[in-house]
Amino acid sequence: MNTARNPLIQARHLRLAFDSRTVLEDINLDVHPGEIVTLIGPNGAGKSTLVRILLGLVKPDSGSVMKQPGLRIGYMPQNLVMNASLPLTTGRFLSLNITCPKSEITNVLMEVNAHHLINKSIHNISGGELQRVLLARALLRSPQLLVLDEPVRGVDVTGQTELYRLIAKVRQTHNCGILMISHDLHLVMA
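Quick summary incoming for the structure in this document.

What counts and how
- Residues numbered from 1 in each chain as written.
- Predicted model: local features only at pLDDT ≥ 70, side-chain atom pairs only at ≥ 80, totals over all residues.
- Heavy atoms only, no water.
- Phe/Tyr/Trp six-rings, centres within 6.5 Å; stacked < 30°, edge-to-face > 60°.
- Lys NZ or Arg CZ within 6 Å of the ring centre and 35° of its normal.
- Pairing = 2+ DSSP bridges.
- Helix = DSSP H or I, 4+ residues; strand = E, 2+ residues; numbered from the N terminus.
- Axes fitted to C-alpha atoms, helices over the stretch in contact; angles between N-to-C directions.
- Contact = heavy atoms within 4.5 Å.
- Buried < 20%, exposed > 50% of the residue type's maximum accessible area, 1.4 Å probe, protein only.
- Arc of directions from axis to C-beta.
- Core = buried A, V, L, I, M, F, W, Y, C linked by side-chain atoms within 4.5 Å.

1. A closer look at the packing of aromatic side chains
Within the structure shown, the criterion is met by 0 aromatic pairs. Here the guanidinium or amino end of Arg-137 rests over the ring plane of Phe-93, the centre of that ring lying 5.3 Å away.

Laid out in structure tokens, this is it:
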């Protein structure tokens, strides 16, 4: 199988209903290496539910999801809730449940322009800084597919533009496929 031409992940005819309410109907999707695919829609449209199906966290009522064998996925959640009483530096947060040398953490923080945060409390950084740290965490997995759920949530307009530029740079540098969720069509298109 020539994985360069085949999609990293492919969904065919996905359908999901909760009780009698259809959330997803006949959804088809491909994400290839080096490609950015953005799911755009209002809150409650089923974007995050679709991603949960693609990640294997929710089983669809019908349809199929195929992934390249051994696909490494980096995931950046929409939000992160942490206990504020837990003392945790950014560097320590990035090393939780991930085995990697400190130099790798330093390098990925430099890549996302957040190296200065390594010894700062994760609870005392801004929304834009947190989004960069979450992106760095997703990149630590050396992903072939990067899934970004509302990556600019809680970030001011200037920071949003910078984050979208950074995401485009990550795509070029890593040649990873990117699946991004957003509800703001105008900002994504810009």
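2. Details of the sheet that holds strand E4 (residues 62-67)
Taken in spatial order, the 3 strands make up an open sheet running E2-E1-E4, and their pairing is antiparallel. Every interior strand has two partners, whereas the edge strands, strand E2 (21-31) and E4, have only one. Ignoring strand direction, the axes of neighbouring strands in this sheet form an average angle of 20°. Direction of pairing for strand E1 (residues 9-18) relative to E4: antiparallel, over a ladder of 5 bridges. Residue pairing in the sheet places Ala-11 in a bridge with Val-65 of E4. Its contacts with the sheet put helix H1 (residues 47-54) on E1, E2 and E4, and the angle it makes with E1 is roughly 120°.

3. Digging into helix H3 (residues 102-111)
The complete set of buried residues in H3 reads Ile-105, Thr-106, Val-108 and Leu-109. Viewed end-on, H3 has its buried residues packed into an arc of 170°, placing them on one side of the element. Among the structural elements, helix H2 (90-95) and helix H4 (127-139) are those in contact with the buried residues of H3. Note on H3: the residue one or two positions beyond its end, Asn-113, has a positive phi of about 60°.

4. Comments concerning the nonpolar core
In terms of nonpolar packing, the biggest core is built from 34 residues, with Leu-94, Leu-109, Val-133, Leu-135, Leu-146 and Leu-148 touching the most fellow members. Of all the secondary-structure elements, those providing two or more residues to this core are H2, H3, H4, strand E6 (145-149), helix H5 (157-174) and strand E7 (177-182).

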